[in-house]
Amino acid sequence: MLEEIIIAGFGGQGIMVMGRLLAHAGMVEGRNVSWIPSYGPEMRGGTANCCVVISSDPIGSPVVAEPDTVIAMNRPSLEKFAPSIKPSGLLIYNSSLIDIVPERQDITVIAVRASGIASELGDIRAANMVALGAYLRARGVVSREAVVDSIRAVMPKLSQSLIDLNVKALDKGMDIAGDQLMISESIS
Amino acid sequence: MSERLLMKGNEAVGEAAIRAGCRLFFGYPITPQNEIPEYMSRRLPEVGGVFLQAESEIAAINMVYGAAGAGARVMTSSSSPGISLKMEGISYIAGAELPCVIVNMVRGGPGLGGIQPAQSDYFQATKGGGHGDYRMLVLAPASVQEMADCTADAFELADKYRNPVMVLGDGALGQMMEPVTFSKPPVSVSELPPKPWATTGARGRAPNIVNSLHLENEELEKLNLRLEAKYRRMKSEDVRAEVIDCDDADVILVAYGTMSRVCRSAANMARSAGLRVGIVRPITLFPFPSEILSELAKKGVPFLVVELSLGQMVEDVKLAVNGASPVQFYGRTGGFLPTPKEILARMESVLKDRSQAPCGAVPER
Amino acid sequence: MTRVFGRPAALADVPTHYCPGCTHGIIHRLVAEAIDEAGVLDRAVGVAPVGCSVLAYNYFNCDMQQAAHGRAPAVATGIKRARPECVVFSYQGDGDLASIGTAEIIHAAARGERITVIFVNNAIYGMTGGQMAPTTLVGQKTTTSPRGRDAALAGYPVRMAELLAALESPAYIARVSVHNPANINRAKRAIQKAFEVQIKDQGFGFVEVLSSCPTNWGLAPIEALKWVEEHMIPYYPLGEFKTVEGAG
């Protein structure tokens, strides 16, 4: 088993936290994992991305060139990384902020209104969890329980009410992806 | 504590140092190693240690000199431009035969360079770096777990040889997170072997002098020869390398640190394409695993050295191989990490060249 | 028979390499007496500089470290932080402390390091053969200011005691001279205080000692002492620039 993921968006969208949750959940489930951020002088507001590798074997390069999955939280990220996805890979994108439709036909595409749903739940910052939920449902590389268990380890200062909100956002993302996958299966 | 923790490489270095009995850290901010001083500033006071942010890298390494001379396990960390500033102090530390650990999370150069991963400080690290005839023992981890393990070993080796030991990482290893396990119990500082040469106050004994000045020719040469004997002993007792699938290899990749991981991915791709690829991954860059390479070279198998530089370690590989088999080089700089596909393509061209050219006549690059 | 004068225990019984008439010997003795009288010889650690007093590690009868040029305050910081129970001092000249080592001395003082710094100012680089120092007086001829120090080219000499006294942390800052017995006595008292503020954990102690360099000044020893009085003291006024409550 080898899953290589790129998560990308604006700085401040919780991109790094998504990756760390995923890596931590993989570790909890006994996998080899790596997480590496793109790092640069911009601390806020610039583009941010990280690579996560989850594998049953020792991990070679932590930097992912051809991902199995891309989670794009804004349009520049989609434009930059969608072309690099492996054939029959997965693209999850934040359709609240991305007004173009991905062109590739050889991959699974799931549009998630992540920012919109997070706002409706009460905090736009939970958009990352909506997208992460969609990923969990679509790929199943790590379990929902492992991710929920990792929230406290990755974000130790989070209040209980914010943890609850994050879990709610995660579940909402899982539901949306489930619905979309069912529709696409019934079409094909 | 044997649970798996998800840590950044830089944080793993900090925790491993504390568990190895390091109670003093002197440093100065520079990207991409800031998590090390930040971690130490948080953790050292919890264990009765001292974190001090120095006014410069020069001051930091000289504080290390003072503390090491006073017998303490002490560490500093920096990244390439800062390590250049430390070179004066490192030369004095080597000359005065003081044990200490220096971490370099290498970034691209020369000059201010960039902040992305690089391996362009290999020469500086392994050939002395500062003035005078000296070497550091250099460890090159390739994972977060090894960042922790090499840091712990670095303190032991520094004390064993009374010599500065460098942990040579890079921006990627420092920034990435992987699971890490601290399986050994923490070192008890009070149970560390005494250092009778240290300047701890001359109570009931003759004064100790920590010094690298020897104005008499005989004295200085005696020091130089003693240092050389020490480096020879390192070569016979503490060479480390990982050798993977080299027995029946068509081509052998030689790479260390982050680059060796990309080579591992490339080797996996190559094997599925039917190529037999071996890997030699030096873990000690000084002492260099020359004998392992010269043994493998006897079979005439071609080597492809891959580095995040324009070719530094390749010189040591060529010295080890000594013309017995072809050595080619591939490197990227500027912060680019070659992809496994790039390396695979180079391997294929090495094999193609080999089928056309006689042994040893393969053109470089 | 009562013994009224002898070699301090903190001073090793060896000949020194200093030139005839040089006042390093006097200053070494004052430092050694201060260590003896404070009763800290068995926990004293000294740091020798680069310059004329580079071999000080052979002259003080306590644990010593030799430091790179200008870095003695950083080395002393490392020793003191590793061994807070030790009494740590550096002994530095003007090229070492006031030129190449300005960053180290200012920041050690700013941190209030519990160390004692003895700064020997003879307005010239002695060991390397008489080049211009940061403390060389305007008009003073050296091998690299053969027409005399020109303030338009090289600026004005640095007054380190005043400079450090502007900082918040130091506990004791003084400038003294050793050109005659009365001043030697005052210098001794100042050096004692600079050790006492460390021993009492009050803070950083610093004594600038005006010193002569007959060899490189091209003067006979007595002439050189007169030159200290007539030329150096007017520019480098003597006195205590900073002292904490209850110091010394």
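Check the entry above for the structure.
Scoring rules and cut-offs
Residues numbered from 1 in each chain as written. Chains lettered and ligands numbered in written order. Predicted model: local features only at pLDDT ≥ 70, side-chain atom pairs only at ≥ 80, totals over all residues. Heavy atoms only, no water. Helix = DSSP H or I, 4+ residues; strand = E, 2+ residues; numbered from the N terminus. Rg over C-alpha atoms; globule rule 2.2 N^0.38 Å. Buried < 20%, exposed > 50% of the residue type's maximum accessible area, 1.4 Å probe, protein only. Contact = heavy atoms within 4.5 Å. Areas by Shrake-Rupley, 256 points an atom, 1.4 Å probe, with all protein chains shown as cover. Lys, Arg positive; Asp, Glu negative; His and termini not counted. Charge placed at Lys NZ, Arg CZ, Asp CG, Glu CD. Buried area = accessible area lost by both parts, 1.4 Å probe. Salt bridge = Lys/Arg side-chain N within 4 Å of Asp/Glu carboxyl O. Polar contact = N/O pair within 3.5 Å; in protein donor to acceptor, adjacent residues only side chain to side chain. Nonpolar A, V, L, I, M, F, W, Y, C, P; charged D, E, K, R; others polar. Axes fitted to C-alpha atoms, helices over the stretch in contact; angles between N-to-C directions. Left-handed = near helix turned anticlockwise from the far one by under 90°. Core = buried A, V, L, I, M, F, W, Y, C linked by side-chain atoms within 4.5 Å.

## Re the overall build of chain C
For step 1, the next point in the chain: Across its full length, chain C holds 10 helices and seven strands.
For step 2, the next point in the chain: The C-alpha radius of gyration computed for chain C amounts to 17 Å, which stays within 12% of the reference 18 Å derived for 248 residues, consistent with globular compactness.
For step 3, the next point in the chain: For chain C, the spread of C-alpha atoms along the three principal axes comes to 50 × 50 × 30 Å.
For step 4, the next point in the chain: Buried residues in chain C amount to 56% of all 248 residues.
For step 5, the next point in the chain: Taking the contacts inside chain C whose residues are at least 6 apart along the sequence as the reference set, 68% of them involve residues at least 24 apart.
For step 6, the next point in the chain: In the structure as shown, chain C presents an accessible area of about 9,500 Å², 56% of it carried by carbon and sulfur atoms.
For step 7, the next point in the chain: If the 22 positive side-chain charges of chain C are averaged to one point and the 22 negative ones to another, these points end up 1 Å apart.

## A look at the side chain of R73(B)
For step 1, the next point in the chain: Here R73(B) shows up in the loop between α3 (57–69) and β4 (74–78).
For step 2, the next point in the chain: Judged by relative accessible area, R73(B) falls into the buried class, the value being 6%.

## Remarks on the interface of chain C and chain B
For step 1, the next point in the chain: Between chain C and chain B, the residue contacts involve 32 residues of the former and 35 residues of the latter.
For step 2, the next point in the chain: Across the chain C/chain B interface, buried area totals approximately 2,500 Å², and carbon plus sulfur atoms make up 57% of it.
For step 3, the next point in the chain: At the boundary of chain C and chain B, one finds four salt bridges.
For step 4, the next point in the chain: In this structure, R71(C) engages E88(B) in a salt bridge whose closest nitrogen and oxygen atoms are separated by 3.0 Å.
For step 5, the next point in the chain: Here chain C and chain B share 16 residue pairs in polar contact (both at pLDDT 80 or more) between them.
For step 6, the next point in the chain: Taken together, the elements giving at least two residues each to the side of chain C that touches chain B come down to β1 (44–48), α2 (56–59), β2 (63–66), α3 (72–82) and α5 (102–110) of chain C.
For step 7, the next point in the chain: At seven residues, the largest contribution of residues to the side of chain C that touches chain B is made by α3(C).
For step 8, the next point in the chain: Counted by class, the side of chain C that touches chain B contains 15 nonpolar, eight polar and nine charged residues.

## As for the side chain of D238(B)
All names here are of chain B.
For step 1, the next point in the chain: Structurally, the position occupied by D238 is in the loop between α8 (217–237) and β10 (241–244).
For step 2, the next point in the chain: The class for D238 is buried, based on a relative accessible area of 10%.
For step 3, the next point in the chain: If we skip the residues at most four places from it in the chain, D238 touches L157, K160, Y161, R233, T284 and P287.

## Brief notes about unusual backbone geometry
A negative phi holds for most residues other than glycine; trans holds for most peptide bonds.
Residue and element names in this part refer to chain B.
For step 1, the next point in the chain: Of the consecutive residues G109 and P110, the connecting peptide bond is found in the cis state with omega at 5 degrees.
For step 2, the next point in the chain: Turning to its location among the elements, P110 is positioned in the loop between β5 (100–106) and α5 (122–126).
For step 3, the next point in the chain: Following F286, the chain continues into P287 via a peptide bond in cis, with omega recorded as 0 degrees.
For step 4, the next point in the chain: By the element assignment, P287 lies in the loop between β13 (284–286) and α10 (290–297).

## What about the interface of chain A and chain B?
For step 1, the next point in the chain: Contact residues are listed per partner, giving 22 residues for chain A and 22 residues for chain B.
For step 2, the next point in the chain: Applying the counting rule to chain A against chain B returns one salt bridge.
For step 3, the next point in the chain: Residues K341(B) and E66(A) are paired through a salt bridge, measuring 3.0 Å at the closest nitrogen-oxygen approach.
For step 4, the next point in the chain: Seen at the junction of chain A and chain B, the total is eight residue pairs in polar contact (both at pLDDT 80 or more).
For step 5, the next point in the chain: Counting only elements with at least two residues in the side of chain A that touches chain B, the list comes to α1 (15–28) and β2 (32–37) of chain A.
For step 6, the next point in the chain: For the side of chain A that touches chain B, the element with the most residues is β2(A), which contributes five residues.
For step 7, the next point in the chain: A breakdown of the residues in the side of chain A that touches chain B according to their chemical character gives 13 nonpolar, six polar and three charged.

## Focus: the arrangement of the chains
For step 1, the next point in the chain: For the two pairs of chains in contact, the maximum contact count is reached by chains B and C.
For step 2, the next point in the chain: Nothing in chain A touches chain C, and the closest approach of their C-alpha atoms is 28 Å.

## Re the packing of α1(A) against helix α5 (residues 144–154) of chain A
Residues and elements named next belong to chain A.
For step 1, the next point in the chain: Relative to each other, α1 and α5 sit at 115 degrees, their axes nearing to 8 Å. α1 and α5 meet at a crossing whose hand is right-handed. For the pair α1 and α5, contact is made by R20, L21, H24, A25 and V28 and by A146, V147, S150, I151, A153 and V154, respectively.
For step 2, the next point in the chain: Of the residues that constitute the contact of α1 with α5, the class distribution is eight nonpolar, two polar and one charged.

## Re the nonpolar core
For step 1, the next point in the chain: Membership of the largest hydrophobic core comes to 145 residues, with the highest contact counts inside it found for M40(B), M75(B) and F206(C).
For step 2, the next point in the chain: At nine residues, the largest contribution of residues to this core is made by helix α6 (residues 144–161) of chain B.
For step 3, the next point in the chain: Non-local contacts of F206(C), meaning those with residues more than four positions away in its chain, are made with L97(C), I105(C), V117(C), F119(C), M160(C), A161(C), L164(C), Y172(C), I173(C), A174(C) and A194(C).

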